[in-house]
Structure formats: C-alpha cells, structure tokens
Amino acid sequence: MRTAADASEPCDFPVAREKPVLIDFANSVIRREDLETTNAESAIARPRYSFATKLIKSLLSPEKKSTRRNVCRLISELKRRSDRPRVLVIGGGSEGQGMKALYADPDVKIFAFDIYSTPQVQFVADAHDIPIIDGYFDGVVVQAVLEHVLEPQRVADEIRRVLKPGGLVYAETPFMQQVHEGAYDFTRFTESGHRYLFRRFALIDSGSSGGPGRQLMWAVDYFVRSVFRSRSAGKIAKLAFFWAVYFDAIIPADYAIDGASGVYFLGTKSDQAVGPDAIIAHYGGAQ
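Residue indices begin from 1 for each chain and proceed along its sequence in written order. Whole-chain, interface and lining totals are the exception, using all residues; otherwise, since this is a predicted model, local features are given only for residues with pLDDT of at least 70 and side-chain atom pairs are given and counted only at 80 or more. Note that water and hydrogens are dropped before the side-chain values are worked out from all heavy atoms of the structure.

### Concerning a nonpolar patch on the surface
Right, so step 1: For patches, a residue must show more than 30% relative accessible area and have no salt bridge; joins then use 9 Å for like charges and 5 Å for nonpolar side chains, namely Val, Leu, Ile, Met, Phe, Trp and Tyr. Reported accessibility uses the Shrake-Rupley method at a 1.4 Å probe radius. Residues are deemed covered only where the shown protein chains occlude them. In what follows, salt bridge is the name for a side-chain nitrogen of Lys or Arg lying within 4 Å of a carboxyl oxygen of Asp or Glu. On the surface, Leu-216, Leu-239, Phe-242, Trp-243, Tyr-246, Phe-247 and Ile-250 cluster together into a nonpolar patch covering about 670 Å² of accessible area.
Right, so step 2: Among the secondary structure elements, Tyr-246 is positioned in the loop between α8 (231–240) and α9 (253–258). Helix and strand assignments follow DSSP, with helices taken as H or I runs no shorter than four residues and strands as E runs no shorter than two, numbered in order from the N terminus.

This is how it looks when you write it as structure tokens:
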C-alpha cells in the first residue's frame, strides 16, 4: 500500500471498527477529529428499509437494466484478462445497485473502501489518494461516487494508476440529478464530459445510465419538496410519477444521452489520450 511516502503522519493511522484508516488528512476534506469522534461512521444517514419501504423504493428507483448488462460485460472482460481478477470498488460501503453479479462471482476477488467504515470495506480511504501500489488491480468500479469528490480528474488518474496495463474501469455518474447528500455533492457530467474525464482510457462502451424518465421523477420530487418545503411531499409526488421510469425502455439511446439521469463509461487503461477534437466527434446525442 502506498502510504508512507506521501502521508503527513505515515506511522500514525487510526483504526475504526477494526478497519485501517489510510487517509492523508492534510490533503482531504475528511477531518481526523471528526472521524475519530464518530468512529468512521457515515456523515450521511443511511436509512434502513422495512419491507414496505423496500417495495416503495423499488418503484421509485428500480434497478437499471443497463447496469446489470454492463456488469455482466465487465465480468466477462475481466475473465478474459485473468482467471482470478482483482477488482477495487471505490465507495463500496454498501453493495451498489445492480452489482450483485460482480459480488457473487466466486472467481472475482473484491476489495472495497469508502470514507466511512462498514463490514463491506477492507479499509477507509479518500479516493483522491488511493493507498494502493501502482498496477495492482484488474478492474475498478466507481458507481455514484464521482459527484461526491472535489477533484474528479485526480480520482480518475488514481484509478488509472492502480490498474494493470489493459485494466478495466466501470463508472456510473449522475448527469441531470438534483443535489443529494447535501454538502458532499459537487459535480455532474454529460456523457461527453464523462468520456473526457476518462480520456486516458480506451472506450469499450458508454451511454445513458437512467434515462429521461428517471430524471423526470427526480425533478418532480425536488419541485414539490421545494414548493411545500417538505421532503415527504416530494417523495409522495415522486411515487405518483413512478411510471415515468418505464418509458426509458422505449427512448432511443441518442435522446436518452441528452436527457439522462446518469451516464456510464466502460473502458481499458490506455497509453493514448482522447484529444479535444476527438471528444467533439465522440458526441452521440440527438442534437
């Protein structure tokens, strides 16, 4: 693990819930005193769902078919490169939506970290400075994380660094979503902007991850909660529009890209970078 050379306190890392905390606090928004006070508990309340609330959540946020398809392809590509691929999950405090096949595959060795401690992670770290040696992993998954980091390009560069030559990255990041997780939400990406973020990777596939129907549900939720100053009112309104997400199945890919709730990128570590002219040619929307 790459810690001693760069960390301000290389021999004095705390431990939270029996997980090592490998953060250079001098260069992170995470404060050591906060982490020690909370024992690396998440700063954002993570709800526990009853049967009824799970049913409602399944209507409001059904699992994306694109994620399931992409994860299956990721597994296939990983196994073409290694019999026992090692995969790093950034933001792996909980199993991401649609990731079940990856976690369940007996041939894939999962390593996970987050900025808070849970039974699903091996260590606590900041994705701006991943405490892993160069070229260690066959794949990296970063789902619904890059909107929550201050410097997405720095994180993308770290992902590239810890990947083996030809290693794979799979990323899902919001495009047209309102603020979530409050003060810890910073950035959005169009599909082209997301591709350019991973410009030092060769493209396997990219596109919409959650289309305009899902985005409409988000918009209705935040419109109503803003008018009535009520989160509950927003959720009720969102539930009334649950049907909108099912229209995403019939929306053409080019229109979906322009109005997507989120976008995805699957690619391989490359020695070549996409240039400014090439990113203009990459655009695949309907305009």
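Still more ground to cover, so stick around.
### Some words on the sheet that holds strand β5 (residues 123–125)
Right, so step 1: At least two DSSP bridges between two strands are needed for those strands to be called paired. Across the sheet, nine strands lie side by side as β1-β2-β5-β4-β3-β6-β7-β9-β8; this open sheet has mixed pairing. Each edge of the open sheet carries a strand with a single partner, namely β1 (15–16) and β8 (201–208).
Right, so step 2: Here strand β3 (residues 86–90) runs beside strand β6 (residues 137–143); their pairing, made up of four bridges, is parallel. Across the sheet, the residue bridging to Val-89 is Val-141, located in β6.
Right, so step 3: What makes two residues a contact is simply this: any of their non-hydrogen atoms within 4.5 Å. To obtain an axis, a line is fitted to C-alpha atoms, over the contacting stretch when the element is a helix, and the angle between two such axes runs from 0 to 180 degrees between their N-to-C directions. Packed onto the sheet, helix α3 (residues 65–81) meets β3, β6, β7 (163–174), β8 and β9 (262–269) and runs at close to 175° relative to β7.
Right, so step 4: Sheet strands touched by helix α5 (residues 152–162): β3, β6, β7, β8 and β9. Its angle to β7, the strand with the most contacts, is close to 150°.

### Notes on the pattern of salt bridges
A side chain of one charge can pair with a side chain of the opposite charge when the charged atoms of the two come close.
Right, so step 1: By the definition in use, this model includes 20 salt bridges.
Right, so step 2: One salt bridge connects Glu-151 with Arg-154, and the closest N-O pair in it is separated by 3.1 Å.
Right, so step 3: Each residue is assigned to one of three classes by its accessible area relative to the maximum for its type, calculated with a 1.4 Å probe on protein chains only: buried under 20%, partly exposed between the two thresholds, exposed over 50%. Look at Glu-151 and you get partly exposed, because its relative accessible area is 40%.
Right, so step 4: Residue Arg-225 pairs with Asp-221 through a salt bridge whose shortest N-O separation is 3.1 Å. Of this pair, Arg-225 and Asp-221 both sit in helix α7 (residues 212–228), four residues apart, roughly one helical turn. Just as Arg-225 is buried, Asp-221 falls in that class too.
Right, so step 5: Salt bridges linked by common partners bring Arg-31, Glu-33 and Asp-34 together as one network.

### Topic: α5
Right, so step 1: Of all 11 residues in α5, eight are buried; the element is thus mostly enclosed.
Right, so step 2: Where α5 is buried, its residues touch β3, β6, β7, α6 (191–197), β8 and β9.

### Examining the confidence of the model for the protein
Segments scoring low in pLDDT should not have their predicted coordinates read at a detailed level.
Right, so step 1: On average, residues of the protein carry a pLDDT of 91, and 90% of them reach 70 or more.
Right, so step 2: Known as pLDDT, the predictor's confidence for each residue is given on a scale from 0 to 100. In the model, residues 1–11 has pLDDT below 50 throughout and makes 22 contacts with residues more than four positions away in sequence or in other chains.

### Describing the packing of α7 against α8
Right, so step 1: One way to put it is that α7 packs onto α8 with a least axis distance of 7 Å and a crossing angle of 145°. Both α7 and α8 take part in a crossing whose hand is right-handed. Where α7 approaches α8, its residues Met-217, Val-220, Asp-221, Val-224, Arg-225 and Phe-228 are matched on the opposing element by Arg-231, Ala-233, Gly-234, Lys-235, Ala-237 and Lys-238.
Right, so step 2: The residue classification treats Ala, Val, Leu, Ile, Met, Phe, Trp, Tyr, Cys and Pro as nonpolar and Asp, Glu, Lys and Arg as charged. All others, Gly included, are polar. In terms of residue class, the contact of α7 with α8 is built from six nonpolar, one polar and five charged. Left-handed describes a crossing in which the near helix is turned anticlockwise from the far one by less than a right angle; the clockwise case is right-handed.

### Re unusual backbone geometry
Right, so step 1: Located in the positive-phi region is Glu-18, a residue other than glycine, with phi close to 70°.
Right, so step 2: Examined against the element boundaries, Glu-18 turns out to sit in the loop between β1 and β2 (19–22).
Right, so step 3: The exposure class assigned to Glu-18 is exposed, which follows from its relative accessible area of 77%.
Right, so step 4: Even without glycine at this site, Glu-181 takes up a positive phi of about 60°.
Right, so step 5: The residue Glu-181 is located in the loop between β7 and α6 in this model.

### Examining the nonpolar core
Right, so step 1: For our purposes a nonpolar core is just a set of buried Ala, Val, Leu, Ile, Met, Phe, Trp, Tyr and Cys residues, chained together by side-chain atoms within 4.5 Å. Ranked by size, the top nonpolar core spans 28 residues in total, and within it Leu-88, Ile-90, Phe-113, Ile-159 and Phe-198 carry the most contacts.
Right, so step 2: Only β3, β4 (109–114), β5, β6, α5 and β7 provide two or more residues apiece to this core.
Right, so step 3: Broken down by element, this core gets its largest block of residues, four residues, from α5.
Right, so step 4: Residue contacts for Ile-159: discarding those within four places in its chain leaves Ile-90, Ile-130, Val-140, Val-142, Val-169, Phe-198 and Phe-201.
Right, so step 5: Listed in part, the 16 residues of the second largest apolar core include Val-87, Ile-110, Ala-112 and Val-141.

### Section: the side chain of Lys-19
Right, so step 1: Residue position: Lys-19 is located in strand β2.
Right, so step 2: Counting rule for charge: Lys and Arg are taken as positive, Asp and Glu as negative, and neither His nor the chain ends is counted. The buried charged residue Lys-19 lacks any salt bridge, with Glu-18 as its nearest oppositely charged partner at 7.4 Å.
Right, so step 3: Within the structure, Lys-19 has its side chain in polar contact with the backbone oxygen of Val-121 (distance 2.7 Å).
Right, so step 4: Among all residues touching Lys-19, those that are not within four sequence positions of it are Pro-14, Ser-117, Thr-118, Pro-119, Val-121 and Gln-122. Contacts described as polar in this section are N or O atom pairs within 3.5 Å, which, within protein, must combine one atom able to donate a hydrogen with one able to accept it, while residues neighboring in sequence count only if both atoms come from side chains.

### Comments concerning the environment of Ser-209
Right, so step 1: Take Ser-209: it is sitting in the loop between β8 and α7.
Right, so step 2: What makes Ser-209 buried here is its relative accessible area of 3%.
Right, so step 3: For the pair formed by Ser-209 and Val-140, sequence separation is 69 residues and the distance between their alpha carbons is 18 Å.
Right, so step 4: If we skip the residues at most four places from it in the chain, Ser-209 touches Lys-64, Ser-66, Thr-67, Glu-172, Ser-261, Gly-262, Val-263 and Tyr-264.

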